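Residues per chain are reported as follows:
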Amino acid sequence: ANNVKIEIDNYFDCASIFALQYHYLKEALLKYKEEKIRYSSCSRFKECWFDDKQIYFKQQPEEKMQISLKDYLGSSLRGVDVVREYNLGASKPVDVRVYWKEANRAALIEVKWLGQSKNQQGGLSTAYSNSRGNDGLDQLKEYMDLEKQDTPTCITKGYLVIVDGRRRGLAENPSVINGTDGMHYKNQEITFATD
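These lines cover the structure that appears in this document, whether it is placed above or below. (Residues numbered from 1 in each chain as written. Predicted model: local features only at pLDDT ≥ 70, side-chain atom pairs only at ≥ 80, totals over all residues. Heavy atoms only, no water.)

Quick word on the pattern of salt bridges
We count it as follows: Salt bridge, as applied in this entry: a Lys or Arg side-chain nitrogen positioned within 4 Å of an Asp or Glu carboxyl oxygen. Note on exposure labels: buried denotes an accessible area under 20% of the residue type's maximum, exposed denotes more than 50%, and partly exposed covers the range between, all computed with a 1.4 Å probe on protein chains only.
For the coordinates displayed, the defined rule picks out twelve salt bridges. In this structure, E34 engages R38 in a salt bridge whose closest nitrogen and oxygen atoms are separated by 3.1 Å. A residue is classified by how much of its surface remains accessible, and E34, at 36% relative accessible area, is partly exposed. The shortest N-O distance in the salt bridge between E85 and R84 comes to 3.4 Å. Each of the salt bridges in this network shares a partner with another, and the network as a whole consists of E63, R84 and E85.

In structure tokens form, the structure reads like this:
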């Protein structure tokens, strides 16, 4: 102003303090992880577990995970439309889309889970490990390309949310596990393919 440079502190981990939409989304996702998923305190997310021991997921828990995340973001972020199963390219539904109308910003969120699930009879159903994260990344890239075609003037970021319910020592199909086996994967990062 009047040839005087005024430094404006940026206390946020974002490009501009005047466009904080993605900063607030990142904060909301981290709070969701800590407050709702880590201890399964979200009533909708609790429905993903086969039983209250939280060793195995129910068969196909994705829908409830998506609804849990959609509901949380819808109540945590201001001025957004949060839609589950948002169709891109008239045929491909992304798990969750967050859209800020006043800022022309959007976020596409793909939700993947890792671990093992059981069917209604208690038999092992599905097991997903590290490679499932790579599948989600591939899907997200496809969704981002479709979003650019559908809404080319909107600034969009993609997010991959991985719910890691893996437990060590499940080959014997236990009904109880110790804390060490239950939290074995807590600090292990997902390895993503570089090609």
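On we go from here.
Brief notes about the pairing of strand β5 (residues 124-128)
Heads up, the condition is: Following DSSP output, two strands are said to pair if at least two bridges run between them. Each helix is a run of DSSP H or I of at least 4 residues and each strand a run of E of at least 2, with the numbering of both proceeding from the N terminus.
Two elements, strand β4 (residues 105-118) and β5, share three bridges in a ladder whose sense is antiparallel. Bridging from a neighbouring strand, Q116 pairs with A127 of β5. Taking the residues between adjacent antiparallel strands as the criterion, β4 and β5 are bridged by five residues, where G122 takes a positive phi near 95°.

A short note on the packing of aromatic side chains
To keep things clear, this is the line we draw: Each pair of aromatic rings taken from Phe, Tyr and Trp, with Trp reduced to its six-membered ring, is defined by centres within 6.5 Å and is described as stacked if the planes are under 30 degrees apart, edge-to-face if over 60, and tilted in the remaining cases.
Counted by the stated rule, this structure contains six aromatic pairs. A ring pair is formed by W49 and F57, whose centres lie 4.3 Å apart and whose planes are at 15°; its orientation type is stacked. Of the two residues, W49 and F57, both sit in the buried class. For the ring pair F57 and W113, a centre distance of 5.3 Å and an interplane angle of 70° mean the geometry is edge-to-face. On the criterion of sequence distance, the pair formed by F57 in strand β1 (residues 57-58) and W113 in strand β4 is long-range, its members being 56 residues apart. Given a relative accessible area of 1%, W113 falls into the buried group.

Re the nonpolar core
Threshold: The set of buried Ala, Val, Leu, Ile, Met, Phe, Trp, Tyr and Cys residues whose side-chain atoms join them within 4.5 Å is what this entry labels a nonpolar core. For this analysis, residues touch if any pair of their heavy atoms sits within 4.5 Å.
Counting 29 residues, the largest nonpolar core has L25, F45, L69, L73, V98, W100 and I109 as the members making the most contacts within it. Per element, the largest residue contribution to this core is six residues, and it comes from helix α1 (residues 21-37). Sequence-distant contacts of L69, that is, excluding residues within four places in its chain, are made with L29, Y32, V96, I109, V111 and V161. Judged by nonpolar contacts, the second largest core, of seven residues, contains L88, L140, M144 and L146.

Remarks on a nonpolar patch on the surface
Convention followed: Residues with no salt bridge and a relative accessible area higher than 30% make up the patches, which join like charges within 9 Å and nonpolar side chains (Val, Leu, Ile, Met, Phe, Trp, Tyr) within 5 Å. Each accessible area is a Shrake-Rupley estimate made with a 1.4 Å probe; only the visible protein chains count as cover when residues are assessed.
Nonpolar side chains collect at one region of the surface, where V4, I6 and I8 lie side by side and expose about 310 Å² of accessible area between them. With respect to the helices, strands and loops of the structure, I8 is situated in the segment before α1. Residue class for I8 comes out exposed when judged on its relative accessible area of 52%.

Comments concerning the layout of surface pockets
Quick reminder of the rule: Only protein atoms enter the 1 Å grid used here, on which a cavity is any set of points holding a 1.4 Å probe that cannot leave and a pocket is any open set flanked by protein within 12 Å on both sides along at least five of seven lines; residues with an atom within 4 Å of a point are listed as lining. Grid points are joined across faces, edges and corners, and a volume is the space filled by probe spheres set on the points.
Put simply, the largest pocket is a space of about 1,300 Å³. Around the largest pocket, the lining comprises 34 residues; the ones closest to its centre are K33, I162, V163, D164 and K186. Taken together, the elements giving at least two residues each to the lining of the largest pocket come down to α1 and β6 (155-164).

Interpretation note: all reported values are geometric properties and have no functional meaning in isolation.
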